[in-house]
Each structure stands twice: as C-alpha cells, then as structure tokens.
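Observations on chain architecture
Here is how the chains run, residue by residue.
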Amino acid sequence: MNLKKILKIAVAACLAFIVTTIPLLSAGCAGEPSNGDKVKVGFSICYTGVAAEKGRPMGDGILDCMKYVNEELNGVDGHQIEVIWRDNQYDAAKAGTIISELMNKGCLFFTTNSSKMMGASMEIANRAEFAGFSVFSAPALTHPPQHIYGQMPDYGDDWAAFVRYYVDNIWQGSGKPKMALHLLNNPTGYGVRDAARALADEMGIDIVAIEEHSATTISETESLTRIKSLNPDILYISSTPQPTSIIIKNAVELGMYPGITIACGHASLTSALIDLGGASAEGVYGVFPTVNWDDDVPAMAKMTEYCQNYHPDDYGNMDYITTWAEGLIVAEILRLSIENVGIDALTPQAVEEYGFKKLDNFDVGGLHGAVNYNPGDNRLSKSVRVFQIQNGEIMPISGWVEAPLIKYEDFEWFGK
Amino acid sequence: MTELLQFVITGVTVGMVYSLIALGFVLIWKSSGVANLALGQLVLISSWFTYGMLVQVGLPLWLGFPAVILFALALGWIIEKFALRPLIAQPILSLITVTLGVAFFIEGATSFIWPKSVAALPRFFPQATVHIGTAVVSQEYLWAAVISFILFVLLSLYFKYHRMGIVMRAAADDQLAVQACGIPVTKIFSMAWMLACILAAIGGILMSSIGGITFGLTETGLKAFSVVILGGLDSFLGAIVAGPIIGLAESLGGGYLTPLTWPGVREIIPYITIIIVMFLKPYGLFGEARIERI
Amino acid sequence: MNVDLPAGTRNYTYAQDMAIFRTRTHWGLFLGLLAAMLTMPLYLGNYWLSVANLIGITIIAATGLNILTGYCGQLSIGHAGFIAVGAYTSAILTNRFELPFLVGLICAGIAAGAIGIIFGLPSMRVKGFYLAISTIAAQFIIIWVINHWNSMTGGFTGIRVPPASIGGVSFVSQASQFYLIVATTAMSVFFARNLARTKAGRAFIAIRDNDLAAEVMGINLFRYKLTAFFIGCFLAGIAGSLLAHRIGYINAENFTLMGSILYIAMIIIGGAGTTIGPIFGVIFIQMLQQGITLISPTLESIFALPAGFTAGIGPMVLGLIIVLFLILEPRGLAHRWTLFKTSCRLWPFSY
C-alpha cells in the first residue's frame, strides 16, 4: 500500500516536473551560432521601468534603425541583422540574466542604453570575452579597457571638453579660473568629480568646491550659500534637468547668477530644463554629444522619415538620435567584420578584433562625433559640442570639441 | 553671520513644506491607526492630476483646483474602500504592507497615464524674492509655510471641537467602543483618507510649483516620515514643530558639517536624527506614550 | 503533529517526531527533487540557469527577512541595505585584500549581521511602524556611507569583484555558480527550518505575537530581538556576497529602497512565518518579472500600446497582487500549499 503510494507520488512528481520544464527547455536550449544569411545582435533596452522616459525613445530609435538597415540597405553586405532585444526594465538583476540570454542565443555582440545597465552586465560579458557597447557610458565601463566600449563620451568627458572650450573661449580673467562643482549623488554627478580630480591641474583650473545634491532636492540655497562665499568664476552642474533648474533658480535668488558662468553636462541639457528653469536658465552653457533635429547632416533625412512614420511622438527627442547613431555603428561593425573575416567565420571574438577594433573615423552620418578605435581607449566617439540657452532655445555655439583621454586606471583612488 | 541667517531661514521655510506633507500622515494615524507609506505616491499622483487639469486640459485656476480637490476626495474614498476596509482589525504588519501595495499601484498608474517624467506647473506665486536682513528667500517657500500653518490651525481646531474630529480621535483610541456607541467606524476612516488625500494634493501642488513634477516627489514622503517620528505620530503640533527642526538640522548640518565630512551629508541628517530620537523619546516630542496591556 | 502525517504513520521515538523527513514518501520526494536540481544545468540553458541563480540568491535573502519579519515580527524595510553591506564586505575583502572567497562570504554575513544589530537597537524602544522607519533610515545611511567612502568602496564608481573560487575551482560559468548557489540556498533554508523549532525560534514567535506577553513569560526581548536582527541580516549578507561575485561589478545603485520593498512583498505573498513561504514568494515574483520581460517586446510589436503602458503595468500588477494577497490570501501561498498537501495525502478520499 505504502509502496504504491510512493510510486504514484513519484510518478506524479516526475510528470509535474517534466511539464514545468518543457517550456523552460524550449526557451532555454543552447542557441545555434549565427550562420547563413543572418547575423544576430543583442540589445538590452530599458524600455520600461523608472527610466522609461529615456529608454523608450532610445528603444524606438534603435529598432527603427535596424528596420532601416534591413529593409532599405538590405542588411549588411546582403546579410540581414537578426535583432534580439529584451527589456531590462532598468533593473540590475534583470540585466544580468538578459546578458546570459543574449550570449546563449548566439549573438555576436550586444549593446545597452545606460551605464547602470551596462555596469550590471559588463563583468559577465568581460569574463566571456563577449564584446558590447553602451550608448551612455561612465568611466568605470571603459577603464581599464576590456571588452566593453562606450558609444558616446561620458560625463567626465563632458566636463573635460567643456573646460577646454571654456579656457580657450569664455575665460577672460587672469590666473586660474575658480570652479565649483555641483554634482548629483550618483555616477552621473561623480563622473565629473573623478575627471576633475585627474585633469584639473593639467587643464589649468582650480576646483574650489564640490557640492552634492539629490535628485529630489527642493532647495539648494544652503549649498549655494557656501559656494558663494568662495567666489567661484564658474559653476558646473552635472545632474538631470529638475535639480539643475532648482540650482539655477536658487543661484539667481542669491544674486550669484547672472554674474558667474553656469554650465551643465549633457543629462541636464534638455527642453525640460527650459520648461522648469524658465527665464532663470537663460545664458546657461551646456554640452551635448549629438547634433540637433533638423541639422543638415547626411543621416538626418532617413532618420526623420522613419521617426515620423513609426514613432511620431519621438520626433524632437534627442535620445532617439543617440540610438539611431547606435544602429549605424552596429551596422558598421558588422560590415567591417564581414569584410575582414567573412560571414562564415564570425564569432564574438572575431567581431571584436576585426569589427570594433578596426573602426576608423566612421562619421555616423554626421549624427555625432566621428567613431574611432584607438588602442587603450574604449570610447568610440570622443567629442561633444557646446550649447547655450538663448531666448529659450538650446543653440549650438561650437564645433566638435574632443575630450582628452583620462587614464583613470593609473590613479590610485580610482575603484579597482 | 550672514551665512547663518541664510541657513536658518532656508531651513525653516523648507521645513514648513515637510510639515505640510507630514500633517496628512498624522491625520490618518490619528483617526485610524494606519501608517500610510503611500504618502509620497499620493503627492505624486495629485501633482500629475493638477498638471493634467491646468496644462493638458487647460482649465483656469478657479476651475482646476476644485477639480483636483474632487479628485483627491475620490482617491481617498477608493483607497479606503478597496484596500483598507477589508483589512480592518488585521495586524499592523498587514496594514503597513497594504499601503505599500497601494503605493506601487499608484506609481504604476501614474507612469501609465503620464509617461513623461518631468513637467512644470504654471507659476502661482510671484517670482520676486523676499529679503530678510542679509538673507533671501523665494516667495514660493513663504507661501508654502503660511499655507501649512493655516492648515495646521484648521486641523487642530477640527479635531478639538468639531464632532467629527472628536469621533475620529475616539475611533483611533478604541474602535470597538466607538462602534458600540453606534458610530459607523468605516465612515470615519473613509473621511480621514479623503482629508488626507486633500492634504497630499495641496502639498503636491506647492512642492511641484517649487521644483516641478518628477518621480522624486515620492521621496518627499520619506522626509515626512522623519518629521512625524520626531514630532510624534499623533500630534499635529508635533508635525508643525518638527518640520522646521528637521529643515534646520539639514540646513545647519549641511552648512557646517559638509566641510568636515563628505559632501551630501545633509541627505542623511534627518535619518540620523530620527534614530537618535527613537532612543531618547520613542514617541516623539509631542506624541502620546501609549501604555500597553496584555 | 499527527494531523500532518498520512494515516497509519506513527512516531515511536522523539527522533522520529522531530525529523524533517519522516516517511519514505518524504525521502523519495526529497531525493527526486535533489536529483532534479542537481541535473538542472544539463537541460537548462544559460539564461534559465541565470534566472535560477538569481532566484536562489533571492531566496537566501528572503529567508533572512522572513526570520526577522515573519517569525520575529520586526518589520524591516531596509533589507537591500543589509544585502549591500554583505556585497561590499565580500567585494572589498576579495578585491582589495585578495582574501579567498570563502572568507569573504563568511565575513559578509558577519558584517551584515553586525550592522543589523546596530540598526536593530531601536527595536528595544519602538516597534511596528517606528521600527520600519528606522530600517528605512538604515538603508539610506548605509548606501550613503558606501557611496562616499571612496578609498574602500570605490564610491559611486563601484568596485569590481573577482569570480567566486574555492580551492582553485573558479565559479565562472552559470552552471558552476548554480551548484554553489543551490548548496548555499539549501543550507540556509535548512538552517531556517530548524531554527524555527529551537528555543530561539519559539521565542521569536512569542515576540511576534505579543512582545509584552513574551517578556512577562520570561523571554529576554533584548537578546532575542537582536538575535533575530543578526540572523536575518547574516543571511542578507550571504546573499549579498553571492550576488556581488555573480555580477562581478557592483555599485550602490544595485541596492534600492524599491528592492527592500520587493522583499517584503515576496514574503507576504509567499506566506510570512513559514519556511516554504519565502521560496514560493521569490519564485512567484521573479517568474512574474521575467514573464513581463519576455512578453513585453512581443506585446509591443503586436499592439500599438499607449506610451506608458508597459512602464506602468509592472508596478501596477505588483501593487495589485500585494493588495489582493493581503485581502484574499493573508496567509500567502504557503497556506495554499499546506491545503494542497493535505488534500494530496487523503487523495482520493478527500473528506
């Protein structure tokens, strides 16, 4: 009696087990490598979750661009790109499982949008020598250089490029200009602190104060009072639009601005800054790594056409441009690798060696600074443009300014 | 010296804004004994609703504000009716957790309806700054301070003299006894949540007219928690006094400790304060110490 | 006790009565499960293995929270902060001081436990909501210190963590990590199961049900509450260490207040105060999240959804599930499981 029962339950358990694992099996079986006509590329996109406001237009941009490459250009050298994309919901744990899935599916390389998501996936990729790049990046991703690349300059590069421009074009006084930094309490803000630590002396600038704020601040009068007493010439803010607008407004109230120069990094410089800051934001400088909509560059026409056909809501959103450019770079990397090693010999390692590392002044349709690989520098594009808010609009006032390479890994204080 | 004055004035005015949000928390605690962790989310959704009415629909102010108040009433009623009422007489752990569930839901609903993450409300208050001695303060904060003080007075009077207010206090004290007196407890809870949502809406409008509407509004709820812990969970007076204290601690602590420690020390001062308060005065400055029996 | 046993099974010794696996059926099921678990890497792909690893780590942390909140009744909304302490301790020891992984793992648990005791001290004076707020405060203070203690933690930049390795065997592939994580998870769950039946475990339950009554009965509140904090946070630290070695690069953004709240949701949905509950809760929530991840690209391509649809649906569903579980199934999935087991036992004569 008892034995029968054991058997019955054992059988039931086995059945239940098989039933539950079949879907897992089918979904999880080892992927075959890219072969024949298609080349697989993985995309981990923060389409939903707390960063959806940026992630969504970015996701739209890359998917539209892949559609464009596949339909109008007939893929890369006649080989269609198979897009495998997953929504990481801006969740670090999920990004870690997605990267495993992308490797498992036989992708040749992968991309992601944000530095946080790349941070959560990069060591898994590095350990497997699976190359990838991140649209927005942070120093920790590319220093020391391994298998992860950054598409656009990071927030530290923003600062370095701006300082270069400032010293050459804006600074009128004598001696070293005195700069105060106001940083958001996350890597966006602190990337600037690291860059300033590494380069301030060399670039001839004096950092007099480093203040920090949170994303939810409602008053920065207190920190600005302290900055004011130090009489800086320039206040550099690395943050997002809302805190930036608060800081600028409080600076106006305290009578600091106009008077000193205020500049901000690319995460702040959006139309939301003008909405929130109103008249206070007038005259503020900022840097941004891409061109504007409607600028006269080669890739603009097709991008505008696709955007208006498929995602008209995204028209005017700069984030869409960043990932359209990402798509063009993906195609270029694949083109180079196919040209160098042939379609049959493509492996993740070959793509990194003969795709990523052969990038040579690819102009990305003029959408952002040229893409280049220099040994030891895993930043793909290194240039930003300087903008200024004039009459309620963000106007470009410079050409491409290149940010110098900072060898963070040589400094003792940089995280190992 | 000029710095000190500026720090004090900034701290007090910012602290009054915290008080305003904290009053909504105290209201619910005082009448139903529920800890509302969805406070920040209520602030968030009512700010977005205000944005929807004033900017997206384009209503004038005199029509937009009543619409927001109506919305807040409805929101309070719905939350109480569908999330809290089924849990009456459940352990405190369930009651706290259910407000977390409500918080998640509201957060999702907000990004569902308003997928933008940042928006600006029209400016209700004059932009000119006010000079007090050598210090400056923007009018928005002053108005917020005045409004939270008025609300404090109204609420205190209401709870002291109005029949409904007295009943609310009684209900918090002993639900069973109140029910035995023939008073519908559920109606009281419903009422408390509706009032609390109105407070959150007013707080939301003031906060977002200062700093714009962002996801970060949810964290203002956390600041309010420090205020109520310091002031006492069941005391309006506590909320109105503790707000400026927390604001001052932030401002003075930030002002004089930052050079000695790491930047951003201001952010954790409220949290350190409340942990210390818990040891010294577990029921806050003005909270009622409850005597427990088995 | 006999109610839990199939008809005809009797206990003749105390050892029998106390055993976790009491009948041959139990042993059979256990061995079957063990065999299934150990062979899983053979037929699961890397992706599902990495999900399984994530679930395993989360179960360890949730088990810790369950001891603290489910058994001892001390609500903690700062669990992610304690996980961060473990993760960073392990990262610093193995990266900066180049100590072996096992040392890092144990120290991670101890460090998180110690920090847990410090922030558990207010539980002497306050309880319920006050304590919940003090644990939120703990989370913010911990994360702030991690972000600013540059020389140790790498600050906002983050810190790299070498792969786990024991005696020269390095756990790099998902499959090898899987064995490491399954073993640790099994030990944690087994420990939690047994803890609940010791003197301490019973004291925890007494404190949860009524701390005043417990004190009157002679239970040392100070000692047992802090013990609960230590054990709960110790497991959080172990989970943090495994997490750090798994992802290989951590910064404080991995440990959010939202994460802490999710842990609460997991044990509530699973059934607080049971051993099996957190396991169900974790699997349920993680599979739900993975499901949304897998489905959303398809949904996007089939339907033209409104812009905020997928952004809002995740938190909305989660919030709804928490509320519904509290209202309809306040004892969680574990209670369902008990009912299911009972009906199985009597099958086909369920009367």
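Please read all numbers here as calculations on a predicted model, not as lab measurements.

For the rest of this paragraph, the subject is the overall build of chain B. Secondary structure assignment for chain B yields 11 helices and 2 strands. The N-to-C order of helical and strand elements in chain B reads α-α-α-α-β-β-α-α-α-α-α-α-α. With respect to the three principal axes, the spread of C-alpha positions in chain B is 60 × 50 × 35 Å. Looking at chain B as a whole, 57% of its 294 residues qualify as buried. Long-range contacts, defined as pairs at least 24 residues apart, comprise 76% of the intrachain contacts of chain B with a sequence gap of at least 6.

Attention now goes to the overall build of chain C. Check the secondary structure of chain C and you find 15 helices and 4 strands. Scaling as 2.2 N^0.38, a compact globule of 351 residues should have a C-alpha radius of gyration of about 20 Å, and chain C matches this with 21 Å. Along the first, second and third principal axes, the C-alpha set of chain C runs to 65 × 60 × 50 Å. Within chain C, contacts between residues at least 6 apart in sequence are counted, and of these 75% link residues at least 24 apart.

Residues and elements named next belong to chain A. Strand order in the open sheet made by the 7 strands is β7-β6-β8-β9-β10-β11-β12, with mixed pairing throughout. A strand with exactly one partner marks an edge of an open sheet, and here the two such strands are β7 (206–213) and β12 (393–402). Recorded for the sheet is a direction-independent mean angle of 25° between the axes of neighbouring strands. Lying on the sheet, helix α7 (residues 187–203) is in contact with β6 (178–184), β7 and β8 (234–238); it crosses β6 at an angle near 150°.

For the rest of this paragraph, the subject is unusual backbone geometry. Residues and elements named next belong to chain A. A cis amide bond links His143 to the next residue, Pro144, at an omega of -10°. Positionally, Pro144 belongs in the loop between α5 (139–142) and β5 (148–150). Note that the residue after Tyr257, namely Pro258, is joined by a cis bond; omega there is 0°. Here Pro258 is to be found in the loop between α9 (241–253) and β9 (261–264). A positive phi is found at Asp77, a non-glycine position, where the angle reads about 50°. For Asp77, the location among the structural elements is in the loop between α2 (52–71) and β2 (81–87).

Residues and elements named next belong to chain B. At their nearest, the axes of helix α2 (residues 39–57) and helix α3 (residues 61–84) sit 9 Å apart, and the two run at 145° to each other. For the pair α2 and α3, the sense of crossing is right-handed. In contact with Ser46, Phe49, Thr50, Met53 and Leu54 of α2, α3 contributes Gly64, Ala67, Val68, Phe71 and Ala72. Of the residues assigned to the contact of α2 with α3, the class counts are 7 nonpolar, 3 polar and no charged.

This part covers the sheet that holds strand β1 (residues 39–45) of chain A. Residue and element names in this part refer to chain A. Pairing within the open sheet is parallel, and its 5 strands lie in the order β2-β1-β3-β4-β5. With partners counted over all chains shown, the strands left at the sheet margins are β2 and β5, one partner each. The average angle at which neighbouring strand axes cross in this sheet is 20°, direction not considered. Here β1 runs beside strand β3 (residues 110–112); their pairing, made up of 3 bridges, is parallel. By the bridge assignment for β3, Phe43 is matched with Thr111. In the packing of helix α4 (residues 115–127) onto the sheet, the strands contacted are β1, β3, β4 (132–134) and β5, and the crossing angle to β5 comes to about 150°.

So, on to the pairing of β7 of chain A. Residue and element names in this part refer to chain A. Two strands pair when backbone bridges link them, and β6 and β7 are joined in this way by 7 bridges, in the parallel orientation. Paired with Met179 across the strands is Ile207, a residue of β7. Handedness of the β-α-β unit built from β6, α7 and β7 comes out right-handed.

Our next topic: the interface of chain B and chain C. You'll often see interface size given as the accessible area lost when the parts meet. With 41 residues of chain B at the interface, the matching set in chain C holds 41 residues. For the side of chain B that touches chain C, the elements supplying multiple residues, two or more each, are α4 (92–113), α9 (220–231) and α11 (269–280) of chain B. With 18 residues, α4 of chain B is the single largest residue contributor to the side of chain B that touches chain C.

An α-helix turns once every 3.6 residues. As a result, residues three or four positions apart point the same way. For α9 of chain B, which comprises 12 residues, the first-to-last C-alpha distance of 17 Å matches the rise-based estimate of 16 Å (1.5 Å per residue) to within 8%. For α9 of chain B, the full list of buried residues reads Thr220, Gly221, Leu222, Lys223, Ala224, Phe225, Ser226, Val227, Val228, Ile229, Leu230 and Gly231 of chain B. The secondary structure elements touched by the buried residues of α9 of chain B are α1 (2–32), α2, α8 (185–211), α10 (236–257) and α11 of chain B together with α6 (129–148) of chain C.

Structurally, Ile92 of chain B is set in helix α4. Since 16 C-beta atoms lie within 10 Å of it, Ile92 of chain B is described here as partly exposed. Note: C-alpha distance between Ile92 of chain B and Ala35 of chain B (57 residues apart in sequence) is 8.4 Å. With sequence-adjacent residues up to four places away left out, Ile92 of chain B is seen in contact with Gly128 and Phe129 of chain C.

Here chain C shows a mean pLDDT of 86. Residues at 70 or above account for 91%. In the model output, the complex is listed with pTM 0.88 alongside ipTM 0.88.

Once that is clear, we can look at the domain arrangement of chain C. All names here are of chain C. One can read the domain layout of chain C as domain 1 (1–43) and domain 2 (44–346). Its C-alpha centre places domain 1 at a distance of 27 Å from the equivalent point of domain 2. Contact residues are listed per partner, giving 6 residues for domain 1 and 8 residues for domain 2. Across the side of domain 1 that touches domain 2, the residue classes tally to 6 nonpolar, no polar and no charged.

Parameters and conventions
- Residues numbered from 1 in each chain as written.
- Chains lettered and ligands numbered in written order.
- Predicted model: local features only at pLDDT ≥ 70, side-chain atom pairs only at ≥ 80, totals over all residues.
- Helix = DSSP H or I, 4+ residues; strand = E, 2+ residues; numbered from the N terminus.
- Buried ≥ 20, exposed ≤ 12 C-beta atoms within 10 Å, placed from the backbone.
- Contact = placed C-beta atoms within 7 Å.
- Rg over C-alpha atoms; globule rule 2.2 N^0.38 Å.
- Pairing = 2+ DSSP bridges.
- Axes fitted to C-alpha atoms, helices over the stretch in contact; angles between N-to-C directions.
- Left-handed = near helix turned anticlockwise from the far one by under 90°.
- Nonpolar A, V, L, I, M, F, W, Y, C, P; charged D, E, K, R; others polar.
- Right-handed = clockwise from strand over helix to strand, strands pointing away.
- Expected span 1.5 Å × (residues − 1).
- pLDDT = per-residue confidence, 0-100.
- Domains from an automatic or database assignment.

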